[in-house]
Structure formats: C-alpha cells, structure tokens
Amino acid sequence: TVAVDATQVFSSKKPHCDHCTHQTSNGVTTFFHNVLAAKVVTAIGLVVPLAFEFIENPGKEYDKQDCEKKAWRRLTKKIRELFPRLKINLVGDGLYAEEPTFNECEEAGWNFMITLTDKDLPTVNAQLPTNRDDWTGTRSRRVTGRSKPVNRKAVRRKVRWKTPVTYHGQIVHVIEMEETDKEGNRVYYNKWITNVKPNEQNALDLAQTGRLRWRIENEGTNTQKNGGYEMGHLYGTKERAWKNYYLVLQIGQLLNDLTRFGDYIQK
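Residues numbered from 1 in each chain as written. Predicted model: local features only at pLDDT ≥ 70, side-chain atom pairs only at ≥ 80, totals over all residues. Heavy atoms only, no water.

*Asks:* Quick question: what am I supposed to make of a nonpolar patch on the surface here?
*Replies:* Nonpolar side chains collect at one region of the surface, where Ile 251, Leu 255 and Leu 258 lie side by side and expose about 300 Å² of accessible area between them. Turning to its location among the elements, Leu 255 is positioned in helix 6 (residues 241-261). For Leu 255, a relative accessible area of 51% translates into the label exposed. (Patch = residues over 30% accessible without salt bridge, like charges linked within 9 Å, V, L, I, M, F, W, Y side chains within 5 Å. Areas by Shrake-Rupley, 256 points an atom, 1.4 Å probe, with all protein chains shown as cover. Salt bridge = Lys/Arg side-chain N within 4 Å of Asp/Glu carboxyl O. Helix = DSSP H or I, 4+ residues; strand = E, 2+ residues; numbered from the N terminus. Buried < 20%, exposed > 50% of the residue type's maximum accessible area, 1.4 Å probe, protein only.)

Right, dumping it as structure tokens:
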C-alpha cells in the first residue's frame, strides 16, 4: 500500500532560489519549497520511502507555477520506471479523485483507494442512495482487545459499499466506513472510491487499506517536522542542499524506525 502526499519543507518571506513556488496574500508574498512523497504505509506504523518529486518552478520565466497535480504526473512516471513490476494499492486524499489518476492506475495495473468527500465527483456521489439500507452490502465488526490501539475504546466498525458506480464511462466502486462507540456516537467516518470490487469477504480490509493514508501524514510528515528531525529548517542556501538534506532525512528516519520496530538492539 503506497500513500502519496505533498508537504511543505520550508517557507520564507524572501525567495530562496529561482525555483521557489510562491503565494501572495494581503500583499505579502511567501516563498515555498514543497515535495510530493510516495511512501509504503503499514498498519504497525512503519513508513518506508519509495519515491519523491520536488514541486518547483523551472526558473525565472514560466507560464504557470508547478503544483501537486503536475508533480504527481511526473512521480507516477518515475515510480513505474523504478518499480515496473511492483503491484501497488494507491491511497491518497481527495485531490486524486480525478479521471487522469484513475486512468494512470488502470494503465499501470495498480489498485486505488482514494478519499471521496461529499464535494468531490458530484456525478459519483449522486449515484449513492440516501438510504444506507439501499447500498449494495454491509459488514460490521466489533473492534476490541489486541485489534485496536491501546488508547482507544472499543468501537463498532461498519462498512458499506455501493457497486457498480460509473464515472466518465469507467466502472468504479464506493466504500464507506463508520465507527461508533458503545453510546452510538460516531468516532470515525470516511469514504473512498476504488477500482477494486468490494464484497463481503474483502470490504473490511479494503476500508482499512484506505484508512492507512493518514500514516504518511502522521508517522511521515508530522514526525519529520515535530519529532526531532527539524524538516522545516532551511539547512542549506545552495540550490540543491535542501533537497539533499530532505532525502538524507528520509534515510535517517527509516533507519531509526527499523531499529524501533525491530528487536535487534534488544537481542
């Protein structure tokens, strides 16, 4: 399962180089260096770097600024070149709920589980019955004991799916997952669009796969920014220095995590 997400590495009120992206608000211009990361995400919290694409302008002259979607097109090509035989379950936020991404995944032979908000893809959301009892299927499970994080209460997990759904002539499917506590209060909800047909055997696992997307934000980006790695600090003023630092940071965290999740030191 590979999650994709963009993050800001650092920002400044002064341009760092000719390749900075920038945004002006209330007359104040802020300059950024962002990167789009693809990382293998796991249920235990181990996040493994896979490939990266820096979001940057080509130089002083350009028609439109670089952005996450443009970087994603480049990153898709890079992943396919680096790992031509790798089968991928792609998970991403609502930005990737779009026809080009779906087509790229189909062409590459990848599965996708993309977050679907109520505002995304109105033609798809319009096909979802208002009455949840009219969805194609439902599975539920009580999550207790060792199958839940130690800091969470027991919950009732319910997964529903609607299949088939069409989007621009393509057959896709929608899965939603809701968790409620013993009082019936909702403690989690999310919805995904996927090219994997859900059924009673795989629906719960598919929803859990889509849910893994948050690992790239928490164990990935948040840890690197606030967990002692100081990713947001500008470690180099030369053009490539910040890129080198960012990539070395990924290796450093991976080594730390392999030690933390393993038992080598204990033995």
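*Asks:* Even after reading the chapter, I still don't get the environment of Lys 225, so can you show me in this structure?
*Replies:* You can see Lys 225 is positioned in helix 5 (residues 214-226). A relative accessible area of 32% means that Lys 225 is categorised as partly exposed. For the pair Lys 225 and Lys 87, spaced 138 residues apart in the sequence, the C-alpha separation amounts to 30 Å. The residues contacting Lys 225, other than those within four sequence positions of it, are Thr 7, Gln 8, Glu 230 and Met 231. A polar contact of 3.2 Å, which involves the side chain of Lys 225, links it to the backbone oxygen of Gln 8. (Contact = heavy atoms within 4.5 Å. Polar contact = N/O pair within 3.5 Å; in protein donor to acceptor, adjacent residues only side chain to side chain.)

*Asks:* Looking at this structure, how should I read helix 5?
*Replies:* Given 3.6 residues per helical turn, the α-helix brings residues three or four places apart onto the same face. Among the residues making up helix 5, those that are buried are Arg 215, Ile 216, Glu 219, Gly 220, Thr 221 and Gln 224. Around the axis of helix 5, the buried residues are gathered within 160° of arc, so they sit on the same side. The secondary structure elements touched by the buried residues of helix 5 are strand 1 (2-12), strand 3 (28-41), strand 4 (47-55) and helix 6. Among the residues trailing helix 5, Gly 228 stands out with phi positive, at a value near 105°. (Arc of directions from axis to C-beta.)

*Asks:* Whenever I open this one, helix 6 confuses me. Can you help?
*Replies:* In a regular helix each residue adds 1.5 Å, so 21 residues correspond to 30 Å; helix 6 covers 30 Å between its end C-alpha atoms and thus fits that length. Within helix 6, burial applies to Trp 242, Lys 243, Tyr 246, Leu 249, Gln 250, Gln 253 and Asp 257. Seen along its axis, helix 6 keeps its buried residues to an arc of 110°; they face one direction. The exposed set on the far side of helix 6, more than 90 degrees from its buried face, consists of Val 248, Ile 251 and Leu 255. Buried positions along helix 6 lie against strand 1, strand 3, strand 4 and helix 5. (Expected span 1.5 Å × (residues − 1).)

*Asks:* Which parts of the structure should I look at to understand empty space enclosed by the protein?
*Replies:* Think of a ball as big as a water molecule: rolled over the atoms, this probe shows where empty space is left. Under the counting rule described, the total for this entry stands at three cavities of 30 Å³ or more. Looking at the largest cavity, its volume works out to about 40 Å³. As for the largest cavity, its lining consists of Asp 5, Thr 7, Ala 37, Lys 39, Ile 216, Thr 221, Gln 224 and Tyr 246. Only strand 1, strand 3 and helix 5 provide two or more residues apiece to the lining of the largest cavity. Ranked by residue count, the leading element in the lining of the largest cavity is helix 5, at three residues. Taken together, the residues of the lining of the largest cavity break down into three nonpolar, three polar and two charged. (1 Å grid on protein atoms, 1.4 Å probe; cavity = no way out; pocket = protein on both sides within 12 Å on 5 of 7 lines; lining within 4 Å. Points joined across faces, edges and corners; volume = space filled by probe spheres on them. Nonpolar A, V, L, I, M, F, W, Y, C, P; charged D, E, K, R; others polar.)

*Asks:* Looking at this model, I keep getting lost on unusual backbone geometry. Mind explaining?
*Replies:* Both trends apply: most residues other than glycine have a negative phi, and most peptide bonds are in trans. Omega for the peptide link from Thr 163 to Pro 164 comes to -10°, which places this bond in the cis form. Residue position: Pro 164 is located in strand 8 (residues 155-167). Phi angles above zero are rare outside glycine, and Leu 121 is one such case at about 45°. Even without being glycine, Glu 230 reaches a positive phi, approximately 55°. Inspection of the secondary structure puts Glu 230 in the loop between helix 5 and helix 6.

*Asks:* Help me out: how do you make sense of the pattern of salt bridges in this one?
*Replies:* For side chains of opposite charge, pairing can occur when their charged atoms come near one another. The tally for this structure, following the rule as stated, stands at 19 salt bridges. One salt bridge in this structure joins Glu 219 and Arg 215, with 2.6 Å as the shortest N-O distance. One end of the pair is Glu 219 and the other is Arg 215, both in helix 5 and four residues apart, which spans about a single turn. In this structure, Glu 219 and Arg 215 share a single accessibility class: buried. Each of Arg 132, Arg 160, Glu 176, Glu 178 and Arg 186 takes part in salt bridges that share partners, so that together they form one network.

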